[in-house]
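# Notes for the structure review
Below, each chain spelled out in residue letters.
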Amino acid sequence: MKRFFLIAALSLASVCLACAKGAEGGSKPTDYQVSVSGRVTCQGQPVADAVVSDGIEIVRTDADGRYSLFSPGRMGYVFITVPSGYKVANKGVLPGHYVNIKGKKAEHADFELLPMPDKTYTLFVMSDVHLIGNATHRDLEQFRSTFLPDITAAVEATSGEVFSLSLGDMTTDSRWYHDNFALPEYLREFRTYPSAIYHIMGNHDNDPEACGTTDEELDRSASAPYRKYIGPTYYSLNIGDVHYVMLDNIVGMGKCKYKYYIDPVQLAWLEKDLALVDKSTPIIVSMHVPAYAYAGISDGKPTVKKRTTQYQDVQVLIDLLEPFAEVHILTGHDHRNRNIRITDRILEHNFASASAISWKLNDVRVMTTDGTLSGYQLFRIDGKNVRWQYKAVGLTPEKSQFRTYDLNTVPEAYGGKPSSNELLINVFNWDPRWTVSVTENGRELLVRQLWAKDPLYAYIRDKTRAFDNRPKDWRAVNCIHLFGAKAASADSEIVVTVTDRFGQVYTEKLERPKTFEEGMN
């Protein structure tokens, strides 16, 4: 998978944003082909000041809940930015936050909201489900027996309001026509899932048979099935006191090729959308391809780099988000866990995948290249208070936070150090506000943050038969969430204590020597 993030050249985006500012006064009917009007209600009563958009124009409802806008109709829908205090009914697992329009001269699109006075809820976030529908790869067999029952049980056991979010790559485009498994089949697999799922596009959710001569034409053709079966490729909504923005930073080029950037029309819409949001409101931005990555450790501290190429500078997006008091950027694509502090107010969460490295390569254990087990994130939101926790498939949240290695027992080929008495701790969901403590017989040991590879993943990869003909694929990667300590002896009492940014404490008392094996945790 390509691992770079693009948003459009900085100069181009700046011009586009300037154009957007010039259009804020509203559009003229002569500029467009479709007049769209409708009414927003809740239990039969009008909802004033609700925001409705076609992805280009943004309008508010009047005191009677009515709105109208002129649209080119090229997206094929209008959507409502669900107001705080409300939610929408579901169509299966898909939330009914948009209405299809056919491109006639006049269209009517009403929205019926449901009351949601409770501002406390849980958001389940998954990424890179990558269903294929291939018996040889056993993706559906694994998905149905591991990930789906685990997250379903967790949703059903959660009290209060529950929503879900999928961060793209629900399918695998190269298999759409080969295995006759695309977005409709993906939705079929989730038909019994017990919560609404909001979606964003991944690169592998684009039609590989797209056609066109420009990026815009190719992308519209490539995203047509997504718009038909899932809905808007970008949109916004409010759940409780949090404003959500779902972005599409994939430009499908057909033939399973892509560019990664947010197109100028979307950037202009985003600026107008955020202009309507109070700066004290927490913002959660979701997009498939990450904005930032770790580059290593310098002077004992992690170093961060932009995911920048010739197509864009991610600073364009950060500048739009910078005025807000708290921003979380949720991304997938890389199939691993990392949390990156971009500014004092902006934190990017890059999530491990549901499919681990790949369903077809999981014949030993479902694990990603940084050692994280397949899983999902739980965001628990109470008003403007946002908390999160990782949940690995098959484990409780309390057992999903870290894995400790006794390097005396790890083979040297996978980073072991016989007789060194060194310890290695992989803290999967670490961010700069976590702490890691190690004691030996009650005495505090020095703990160092490392830029290194997870031993267990490297071991499992070597044992995975599917790699026999793919020696360079999906190798173990250096990650920032590894920590090392050195004990004085091989059989002393070791206690590892990991504390997350919310004060939640996780501990492990090691039985030494700790065995190194496939099923360890």
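Check the entry above for the structure.
Remember, predicted model here, so these are calculated numbers, not experimental data. (Residues numbered from 1 in each chain as written. Predicted model: local features only at pLDDT ≥ 70, side-chain atom pairs only at ≥ 80, totals over all residues. Heavy atoms only, no water.)

### Overview of the overall build of the protein
Scanning the protein for helices and strands turns up 7 helices and 35 strands. In terms of principal-axis extent, the alpha carbons of the protein reach across some 80 × 45 × 45 Å. Burial statistics for the protein: of 521 residues in total, 60% are counted as buried. Accessible surface, the protein: about 20,500 Å² in total, of which carbon and sulfur atoms supply 49%. Positive and negative side-chain charges of the protein, numbering 59 and 64 respectively, have mean locations separated by a distance of 2 Å. (Helix = DSSP H or I, 4+ residues; strand = E, 2+ residues; numbered from the N terminus. Buried < 20%, exposed > 50% of the residue type's maximum accessible area, 1.4 Å probe, protein only. Areas by Shrake-Rupley, 256 points an atom, 1.4 Å probe, with all protein chains shown as cover. Lys, Arg positive; Asp, Glu negative; His and termini not counted. Charge placed at Lys NZ, Arg CZ, Asp CG, Glu CD.)

### Some points on the sheet that holds strand E35 (residues 505-510)
Neighbouring strands of a sheet are bound in pairs by backbone hydrogen bonds; such pairs are parallel or else antiparallel. The strand order E31-E30-E34-E35 describes an open sheet built from 4 strands, whose pairing is antiparallel. Among the strands making up the open sheet, the edge pair consists of strand E31 (443-444) and E35. Pairing geometry for strand E34 (residues 494-499) and E35, over 6 bridges, is antiparallel. Each bridged residue has a counterpart across the sheet, and for Val495 the counterpart in E35 is Lys509. (Pairing = 2+ DSSP bridges.)

### Some points on the pattern of salt bridges
Close approach of charged atoms allows side chains with opposite charge to pair. In the structure shown here, the tally under the stated rule is 24 salt bridges. The partner of Arg465 in a salt bridge is Asp363, with the nearest N and O atoms 3.6 Å apart. With Arg465 in the loop between helix H7 (455-463) and strand E33 (479-486) and Asp363 in the loop between strand E25 (346-350) and strand E26 (375-382), this pair connects stretches of sequence that are 102 residues apart. Residue Asp363 is classed as partly exposed on the basis of its relative accessible area, which comes to 29%. Here Lys514 makes a salt bridge to Glu508, at a shortest N to O gap of 2.9 Å. An identical accessibility class is assigned to Lys514 and Glu508; each is buried. Look at the salt bridges and you will find they share partners, linking Arg39, Asp64 and Arg66 into a network. (Salt bridge = Lys/Arg side-chain N within 4 Å of Asp/Glu carboxyl O.)

### A look at the sheet that holds strand E14 (residues 161-166)
Taken in spatial order, the 5 strands of this open sheet run E15-E14-E13-E26-E27, and their pairing is mixed. The open sheet has two edge strands with one neighbour each: strand E15 (197-199) and strand E27 (385-392). Between one strand axis and the next, the sheet turns by 25° as a mean value, whatever way the strands run. Judged from the 3 bridges that link them, E14 and E15 form a sheet pairing that is parallel. (Axes fitted to C-alpha atoms, helices over the stretch in contact; angles between N-to-C directions.)

### Looking at the pairing of strand E22 (residues 301-306)
Here 6 bridges tie strand E21 (residues 292-298) to E22, and the two strands are oriented antiparallel to one another. Residue pairing across strands places Gly296 opposite Thr303, the latter belonging to E22. What sits between the antiparallel neighbours E21 and E22 is a turn of 2 residues, in which Asp299 has the positive phi angle 55°.

### Focus: helix H2 (residues 139-156)
Turn by turn, an α-helix covers 3.6 residues, leaving residues three or four places apart pointing in a common direction. Taking 1.5 Å as the rise per residue, H2 with 18 residues should run 26 Å; its terminal C-alpha atoms sit 24 Å apart, in good agreement. At Leu148, H2 shows its strongest bend, of approximately 35°, with the proline Pro149 following within four residues. What H2 keeps buried is the set Asp139, Leu140, Gln142, Phe143, Phe147, Leu148, Asp150, Ile151, Thr152, Ala154 and Val155. On its buried face, H2 sits against strand E13 (120-126), E14, helix H3 (183-189), E26 and E27. (Expected span 1.5 Å × (residues − 1). Bend = angle between axes of the 7 residues up to and from the residue. Contact = heavy atoms within 4.5 Å.)

### Some thoughts on the environment of Val88
Here Val88 is to be found in strand E7 (residues 86-88). Residues Val88 and Arg387 lie 299 residues apart in sequence; the distance between their C-alpha atoms is 24 Å. In this structure, Val88 is in contact with Val82, Pro95, Gly96, His97, Leu113, Leu114 and Tyr198, ignoring residues within four places of it in sequence.

### Thoughts on the nonpolar core
Among the nonpolar cores identified, the biggest contains 91 residues, and Tyr244, Leu247, Leu321, Ile329, Phe379 and Val427 are the most heavily contacted of them. When residues of this core are assigned to their parent elements, the largest contribution, 5 residues, is made by helix H6 (residues 315-321). If we skip the residues at most four places from it in the chain, Leu321 touches Leu274, Ile283, Val285, Val327, Ile329 and Ile346. Ranked by size, the runner-up nonpolar core spans 32 residues in total, among them Leu94, Val162, Met170 and Tyr226. (Core = buried A, V, L, I, M, F, W, Y, C linked by side-chain atoms within 4.5 Å.)

### Considering the side chain of Asp169
Tracing the sequence through the fold places Asp169 in the loop between E14 and H3. Asp169 sits in the buried class, given a relative accessible area of 0%.

### Some words on the environment of Asn385
Mapping Asn385 onto the fold places it in strand E27. With 103 residues separating them in the primary sequence, Asn385 and Pro282 have C-alpha atoms 8.4 Å apart.

### Re helix H5 (residues 264-275)
The terminal C-alpha atoms of H5, which comprises 12 residues, lie 17 Å apart, in line with the 16 Å expected from a rise of 1.5 Å per residue. Across the 12 residues that make up H5, a large majority, 9, are buried. Within H5 the residues assigned to the buried category are Gln266, Leu267, Ala268, Trp269, Leu270, Glu271, Lys272, Asp273 and Leu274. Capping the start of H5 is the job of one residue whose side-chain oxygen sits 3.1 Å from the backbone nitrogen of Val265: Asp263. (Polar contact = N/O pair within 3.5 Å; in protein donor to acceptor, adjacent residues only side chain to side chain.)

### Structural notes on the packing of aromatic side chains
Throughout the structure, instances matching the rule amount to 22 aromatic pairs. The rings of Phe124, Phe143, Phe147, Tyr186, Phe190, Tyr193, Trp359 and Tyr376 are connected pair by pair, giving a single aromatic cluster. Its end group placed over the ring of Phe467, Arg461 keeps NZ or CZ at 4.3 Å from the ring centre. (Phe/Tyr/Trp six-rings, centres within 6.5 Å; stacked < 30°, edge-to-face > 60°. Lys NZ or Arg CZ within 6 Å of the ring centre and 35° of its normal.)

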